[in-house]
Amino acid sequence: MLDQFQVRDLPLVDVVIALESAPLKAVVAALEHGVCRAVLVVDQGGAPRGLVMRDAVLRHGERLSDLRVGLLPTLGVVETKPELMLHDAARAVSNAGVGAIVCRLGDGSDPKIMLRDEMLNLTDWAPLVDARARRLASEASLAMTPRSTPPPVIAL
């Protein structure tokens, strides 16, 4: 059944994104004003370095506010493409130390995550079925849309 779905069909969630050099007090402030459950720690180039759960950041932030978020213990992450088949994503998060998948749904979009345990213990398939149906309908309508410019003609 997993071979019918892609990562983009998962109920991916938002995260707070923080440079590994960001002080904990700044990350705590960002978490206090949102509902995100985790912080994605990225390097200067924006590549994911790991994931820290909200509770751990808040707990350490109370007493170590000047500590850099990159020094906290992190869960490993695997960055995937939205079109990756779900069975391949499940295989990727099955590796030891991986705590989540990270996916950007479009160019320039913020990364979203799905925690490993939630992905591997998925019991409600209805949201995935609905998301897949919307994706397939969108792909079908794009395929049916006429091109605005004709294809180039190659003269021989």
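How each quantity is defined
- Residue numbers here run from 1 along each chain, matching the order of that chain's written sequence.
- This being a predicted model, a pLDDT of at least 70 is required before a residue's local features are given, and a value of 80 or more before pairs of side-chain atoms are given or counted; all residues contribute to the totals for chains, interfaces and linings.
- The side-chain figures draw on all heavy atoms in the structure; neither hydrogens nor water molecules are used.
- Counting from the N terminus, the helices are the DSSP runs of H or I reaching at least four residues and the strands are the DSSP runs of E reaching at least two.
- A 3.5 Å cut-off defines polar contacts: any pair of N or O atoms within that distance qualifies, except that in protein one atom must be a possible hydrogen donor and the other a possible acceptor, and neighbouring residues in sequence count only when both atoms are side-chain atoms.
- Between two residues, a contact is recorded if the distance between any of their heavy atoms is within 4.5 Å.
- We call two strands paired when DSSP finds no fewer than two bridges between them.
- Every axis corresponds to a line fitted to the C-alpha atoms, with the helix fit spanning only the stretch in contact, and the corresponding angles, defined between N-to-C directions, vary from 0 to 180 degrees.
- In this scheme, a residue with accessible area under 20% of its type's maximum is buried, one over 50% is exposed, and one in between is partly exposed, where area comes from a 1.4 Å probe on protein chains only.
- Taken from the helix axis, the directions to the C-beta atoms give the arc we talk about.
- Only Phe, Tyr and Trp rings are paired, with Trp represented by its six-membered ring, and only when their centres lie within 6.5 Å; those with planes under 30 degrees apart are stacked, over 60 edge-to-face, the remainder tilted.
- Clockwise travel from the first strand over the helix to the second, with the strands pointing away from the viewer, marks a crossover as right-handed.
- Each reported salt bridge corresponds to a side-chain nitrogen of Lys or Arg within 4 Å of a carboxyl oxygen of Asp or Glu.

This part takes up the side chain of H60. Of note, H60 is situated in helix α2 (residues 54-63). Polar contacts involving the side chain of H60 include one to the side chain of R63, which spans 3.1 Å. Discounting residues that sit within four places of it in the chain, H60 has contacts with L24, S65 and L72.

Let us look at the sheet that holds strand β2 (residues 16-19). The strand order β2-β3-β4 describes an open sheet built from 3 strands, whose pairing is mixed. Of all strands in the sheet, those bounded by a partner on one side alone are β2 and β4 (48-53). Mean inter-strand twist for the sheet, computed between neighbouring axes without regard to direction, equals 30 degrees. Across 4 bridges, β2 lies against strand β3 (residues 38-42) in parallel orientation. For I17, the partnering residue across the bridge sits in β3 and is L40. Helix-sheet contacts for α2 involve β3 and β4, and the interaxial angle to β4 is about 75 degrees.

With that settled, consider α2. Buried within α2 we find A56, V57, H60 and G61. Down the axis of α2, the smallest arc covering the buried residues is 125 degrees, so these residues share one side. Among the exposed residues of α2, those pointing more than 90 degrees away from its buried face are D55, E62 and R63. Tucked inside the fold, the buried residues of α2 contact α1 (24-32), β3 and β4.

As enumerated under the stated definition, the model contains 1 aromatic pair in all. Their ring planes at 35 degrees and their centres at 5.6 Å tell us that F5 and W125 sit as a pair that is tilted. With F5 in the segment before β1 (13-14) and W125 in the loop between α4 (116-120) and α5 (126-144), this pair connects stretches of sequence that are 120 residues apart.

Relative to the assigned elements, L71 resides in the loop between α2 and β5 (76-80). Expressed as a C-alpha distance, the spacing of L71 and L128, which sit 57 residues apart in the sequence, is 36 Å.

Below, the discussion takes up the pairing of β5. One ladder, built from 5 bridges, connects β5 with strand β6 (residues 98-104); its direction is parallel. Counterpart to V78 in the pairing with β6 is I101. Where the polypeptide runs from β5 across helix α3 (residues 86-93) and back to β6, its parallel neighbour, the crossover connection is right-handed.

With that settled, the discussion passes to α1. By the burial criterion, the buried members of α1 are L24, V27, V28 and L31. In a view along the axis of α1, the buried residues occupy a sector of 100 degrees, so they form one face of it.

By the definition in use, this model includes 9 salt bridges. Ionic pairing is found between E83 and R8, a salt bridge with its closest N-O pair at 3.5 Å. Taken together, the residues E83 in the loop between β5 and α3 and R8 in the segment before β1 connect sequence positions 75 residues apart. What makes E83 partly exposed here is its relative accessible area of 39%. Among the ionic pairs, E20 bridges to R49, the shortest N-O distance being 3.7 Å. Within this pair, whereas E20 is found in the loop between β2 and α1, its partner R49 is found in strand β4, the two being separated by 29 residues in sequence. Here the residues in one salt-bridge network are D9, R135 and E139, joined through shared partners.

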